[in-house]
Structure formats: C-alpha cells, structure tokens
Number of protein chains: 2
Amino acid sequence: MSVRARQAWESGSEADRPRLSGVLAPVLTPFRSDLSPDAARFVRHCRWLLSQGCAGLAVFGTTSEANSLSVEEREALLGELLGAGIDPGKVLPGTGCCALTDTVRLTHAAVRARCAGVLMLPPFYYKGVSEEGLFRSFAEVIERVGDARLRVYLYHIPPVAQVGFSQKLVERLVTAYPRTVAGMKDSSGDWNNTKAMLDAFASSGFDVFAGSERFLLANLRHGGAGCITATGNVNAAAIDRLFREWRTPRAEQLQEELNAVRGAIEKHPVIPALKAIVANQTGDPAWRAPRPPLVELPGAQAEALLAELRRLGFQMPGLSG
Amino acid sequence: MSVRARQAWESGSEADRPRLSGVLAPVLTPFRSDLSPDAARFVRHCRWLLSQGCAGLAVFGTTSEANSLSVEEREALLGELLGAGIDPGKVLPGTGCCALTDTVRLTHAAVRARCAGVLMLPPFYYKGVSEEGLFRSFAEVIERVGDARLRVYLYHIPPVAQVGFSQKLVERLVTAYPRTVAGMKDSSGDWNNTKAMLDAFASSGFDVFAGSERFLLANLRHGGAGCITATGNVNAAAIDRLFREWRTPRAEQLQEELNAVRGAIEKHPVIPALKAIVANQTGDPAWRAPRPPLVELPGAQAEALLAELRRLGFQMPGLSG
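Quick notes on the rules
- Residues numbered from 1 in each chain as written.
- Chains lettered and ligands numbered in written order.
- Predicted model: local features only at pLDDT ≥ 70, side-chain atom pairs only at ≥ 80, totals over all residues.
- Heavy atoms only, no water.
- Pairing = 2+ DSSP bridges.
- Helix = DSSP H or I, 4+ residues; strand = E, 2+ residues; numbered from the N terminus.
- Least-squares fit on C-alpha atoms with pLDDT ≥ 70 in both.
- Contact = heavy atoms within 4.5 Å.
- Phe/Tyr/Trp six-rings, centres within 6.5 Å; stacked < 30°, edge-to-face > 60°.
- Buried < 20%, exposed > 50% of the residue type's maximum accessible area, 1.4 Å probe, protein only.
- Lys NZ or Arg CZ within 6 Å of the ring centre and 35° of its normal.

*Asks:* Would you mind going over the sheet that holds strand β2 (residues 56–57) of chain A with me for this structure?
*Replies:* Hydrogen bonding along the main chain pairs the strands of a sheet, whether they run parallel or antiparallel. Residues and elements named next belong to chain A. With parallel pairing, the seven strands of this open sheet are ordered in space as β2-β1-β7-β6-β5-β4-β3. In the strand order of this sheet, the two ends are held by β2 and β3 (118–120), each with one partner. The pairing of strand β1 (residues 22–25) with strand β7 (residues 226–228) spans three bridges and is classified as parallel. When the sheet's bridge partners are listed, Gly22 is paired in β7 with Gly226.

Written out as structure tokens, the structure is:
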C-alpha cells in the first residue's frame, strides 16, 4: 500500500463516500451463439435495470454465471460497461475466485475503476477449510490490493459455494479491516442467519443485504441495507417499491406480491428461468442461452412460467431488445 | 478442428500411443514466502517422483492446490517443468476449471505440449447441475480443442468438487468421444463406485485409476490401471512396488503397509501433512506453506505425524532439497 493510500485509509477520508443501499441485481450475462459474452446486450440490460430503480449492479454474481467466465472475460465486460458510461459508483462486481491471485487481480481492477465495492466469494474449491485459512484468504487480498477505496462485501452463499462465513470469521474481518469490510450479501436462505449477522454487526455500520427479496421487509425492519436478488433482473421496480415503502401499511402486501412472483420463478432452475423471461420480454431468443454446465429452460417450461407470471399480473415496463 | 487432425482422429492413428498406467502423484505445489509458485522446488520434486517409480505426474490436481492457482500460474509452471526436460508423455495436467474458456485454454496448452493426457474436473461452482449440462461442458471442451491427440481422464472427486460423474454421463461421453475420453480418476472414496465404473467400462479400454492406494490392489484385480494418489508424493516407491507385485503372494501384506502409512497421514489435513513430510525430508521448511485457504500443519502436529511415520519404518529414499 502506498503511503498516501495508507494515510487516506487511516484517516478515514474515503469512508464518507455514499454507501450502497436498496435493490441490486446480480446481472444476467447474455451469450452469443458461440457462447462468448455479449457486451451489447449486457449493457442494454444494465441500463434498463438502473431505469427500473436498481440502486446498483452486482455484476459477476452467481446469477451472472460469473464463475463460468474467465478472469479476462470479466475484465472485458466490466470495461465495456464502464466504457458505455455506466456510473462505477453503482457497480459492485463479484471478484471472489478460487485462486488468490485471480481475486486480487479482479478486485484491483474494480478499485481502479472506482466501483462502489466488490462482492467477494470465499475460495470455494476446498471444503471444510478452517476459519484461519479463510481469514488469511481475505486478509491477503485486502493487503495486496492495499487501497483505501476498497470496500468488500462478503458473499455468503453456502447452498452453492458450500464454503461460507461464520459469525466469528466476520467478526475477525471487521475487526481487522473496519473501513474495508463494509457488508455482506446473505444468500443462505436462512433468515435466522441474516438476523444474527444484523444483530451482531449492523449497528456498527456493516451493511447486510438479503440474498432474496423474500427477506427484504424483515431485513429492513432489522436494520439491513436492502437486497441483492436474482429476480431483480426482471422485477426490480416492484422490489424497489417495497424498499421505498417498507414503513407504510402497504409493506406486507407488497412483500406478498413479490413472494408470489419469486415463487413462480423458483419452480424452475432460476438462471435459465430469468433468461427465458428476458428473452420473451425483449423478443430476443438469444437471451435464453446460459453457458454450460447450465442449460436453457425447455420451451414448454418457459411457456408454463410465462403463463403463471401473466396470471400474477407481472410486468416488465420498458424492456426491449 | 483441422482437416488433418480430424483425419487422424477418425483413423485412430493417435490411439496407439502408450497409455498411462501405474502410480501417478498429484504433485504438490511449493510456494515461496510471497506465496508465488516455486518452479525450482517443483521441478526437483517431480524428478524425484519419477525416480521413485511414479509412472506419471498428475500436476495441477487437488493435492497440487491447482484451483488456488491462476490459469497463467499453471501455464507458467507447466512450461518450467517441460522446459527442464521432463518427458511430457509422463505429465497429466489437471485442466478442469469452472469456466469453459479456462478449461479449453489449459487443455489446449497440454495437448500442444504433447502431454500424456489431461485430468479434467467438471465445472464445480454450480451444484445439482444436469447430466445434459455436464455432457455439454465436456463436449464443448473436446470439440473446441479439436485435436486427435487429446486424451481426457475424467476426475471424479465428489467429496471436494461436489459435482461428479454418474455412470450414465460417463457412458454418454465414452460413446460420443471413444478415442478421447480415455479413463477416470475415482476419488469418491467409495470402492463400489470404482467397481461399477470398472465393470461398465474397463473392458472397452477405459482406464480407471483409484484415487487412493487403499483401493490399488482391488482396482488392479478388477482390471483397473493403477492409482493417482496424494500420498504418492511421499510414498511412491512402496505404492509402485504393490503395482508391480500385485499378482504375488506378498500383495496383501504390501497393501496393508500402504494403508498404515496412509492412515497416519490421514489423521491430519492431507495437503499440509504431505508438505510437512517433504519439508522434513528435504530439510527445507519453505515446503511447508500452502496457499490460503489452506494453512500449514502446526509444528506439534507435524512432529506427531513424523514420529508415527518413523514407528512405521517409513522412508523417502534420495529426497533432498
């Protein structure tokens, strides 16, 4: 870390930047027929998400199939996005890889590009690793990037990554790097875990995002910062409405409506289902394809999903190919 | 695929190369104090392994902490190894990554370098993926590499990768790419699974390697090709002896001796334990360090391990720093 960066870090002069809150979408990654990432469709979708009330773009998350992309492919897509004029202050790239050196490289790039922060998976190949080993992984990345502008959001998604964050690990990280470790996305699907993290850390300014809008109202009522949710890719406006109106008498009803839409989507593999919805709405079937090992939603399943969403009165205003 | 490569593939002219059999070590990766891979120590260890009777070097496996290395770091290490004059016909690099493009890149590099084959993990980030999605992952890699020289060994290690190979998936791959899909390493730890793979595929020339020498004798008795085992890093000569003498009356006794050494090592986290053994034998403490998220074996544990190995009469002839 440079002397100047260290001074800025110590003095906290970077700590006053506005922090993310509200609804973030882990942005779907469109692919061309040769399975290469499609930057043009990606940028259009990002613009639409921001127009719908997304507070930020959690590009390169699980829903983005980020781990199915090489480091170079992620760097190129981020470059295209920011080159298209998207405000980096609204971008929260996923940068946590299995390899320390990859995580450092992507995190460094995000900081240099002045992104709002990074959403960091733990290294997820080895299972049952120690708290000490995970602490060292994050400490190495933070020290190597060595930049007061870095804000790390811990990405807890044990159903997929298998490797997660214990409360003890979060405590060690927050204690060691209070200005850098800024929050968490909890995709455990377990409200008790989210609540425990809120109870332990929210009052000290640690921003907990629910990993699903199912827990948005509960999260906000307990001091959480919002949600980072896959379905934000298609239902951001409605989710943002609950974020803005959670203190009103309508909140419970809005939460129930969100749950109904999410329930319809969750009957299917979520990433292919979301891609099928965007493909239908934009009239652009190219959107349907994921990268292997994921497969596109079969036509009949997509029809059933779209029919159920129509019955729920679901709409995606202003989205076009 | 070029016309010439396609012709070679179709005609099977590449299928007559000698195939790997015997004992392979998933080679430990040494790190410098800055956690960068240490090519000089790596090459020395590889030479020693071959001198001990290893039939091949399964570099960049789980024991190698390969997923803790970037693609560039793996490419550089492979280049150093072959540049040092190691026969590529004895090298079986791990090339399976989460991202299709990374797997293609590493596999292509291995084929260009005339490696014996590649050991390929399935993409392991998403869990519960479909057989179709996994089939497409492997088919895409094989088609994109498009080289008759490619030999793919499927790497089945569900305790770590979580994503594995069903018998149906193996059957689809062997049927679609009979000259390319050459075998499997079964690290399930479940002999019934290994036996099922042997029963289904061994007679058609599919080489099944046990993922542990515990199953070496059983594997050879059922038509298997050998084993690719972590402990090959320290006990290759003894494991190779069982491979050479498995038809003799001594075989059961040799198997029991191997099991005792393995049992001593398995009381500890295996990768740090193996590194502690190599560090002790070479008198080179630099060997002890893994990359995060793994941590080195604590000193007291290392002492206990070494004492137990001494009681078992364990030796590592000719290994020096």
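*Asks:* Explanation requested: the relation of the copies chain A and chain B in the structure shown.
*Replies:* In this arrangement, two copies of a chain are superimposed by a rotation about an axis accompanied by a shift along the axis. With an RMSD of 0.0 Å, the fit of chain A onto chain B corresponds to turning through 180° and sliding 0.0 Å along the axis. Within this description, the copies of the chain are treated as partners about a two-fold rotation axis. Closest approach to the rotation axis among the C-alpha atoms of chain A is made by Tyr125 of chain A, whose C-alpha sits 4.1 Å away. A high fraction, 100%, of the interface residues of chain A reappear at the interface in chain B, so the copies pair face to face through one surface.

*Asks:* What is the right way to read the packing of aromatic side chains from this model?
*Replies:* Pairs of aromatic rings are described using the distance from one ring centre to the other and the angle between the two planes. Counted according to the given criterion, the structure contains 15 aromatic pairs over all chains. Their ring planes at 15° and their centres at 6.4 Å tell us that Trp191 of chain B and Phe215 of chain B sit as a pair that is stacked. Of this pair, Trp191 of chain B sits in helix α8 (residues 191–201) while Phe215 of chain B sits in the loop between β6 (207–210) and α9 (216–221); the two residues are 24 residues apart in sequence, bridging distant segments of the chain. Neither Trp191 of chain B nor Phe215 of chain B differs from the other in exposure class; each is buried. Put simply, the rings of Phe124, Tyr125 and Tyr126 of chain A together with Phe124, Tyr125 and Tyr126 of chain B touch in pairs and so form one group of aromatic residues. Sitting above the plane of the Phe135 of chain A ring, Arg172 of chain A keeps its charged end 4.1 Å from the centroid.

*Asks:* Is there a simple way to explain the sheet that holds strand β7 (residues 226–228) of chain B in this structure?
*Replies:* Residues and elements named next belong to chain B. Judged by pairing direction, the sheet is parallel, and its seven strands sit side by side in the order β2-β1-β7-β6-β5-β4-β3 without closing on themselves. Taken across any chain shown, the strands that pair with only one partner, and hence form the sheet edges, are β2 (56–57) and β3 (118–120). Direction of pairing for strand β1 (residues 22–25) relative to β2: parallel, over a ladder of two bridges. Bridge pairing in β2 places Ala25 opposite Leu57.

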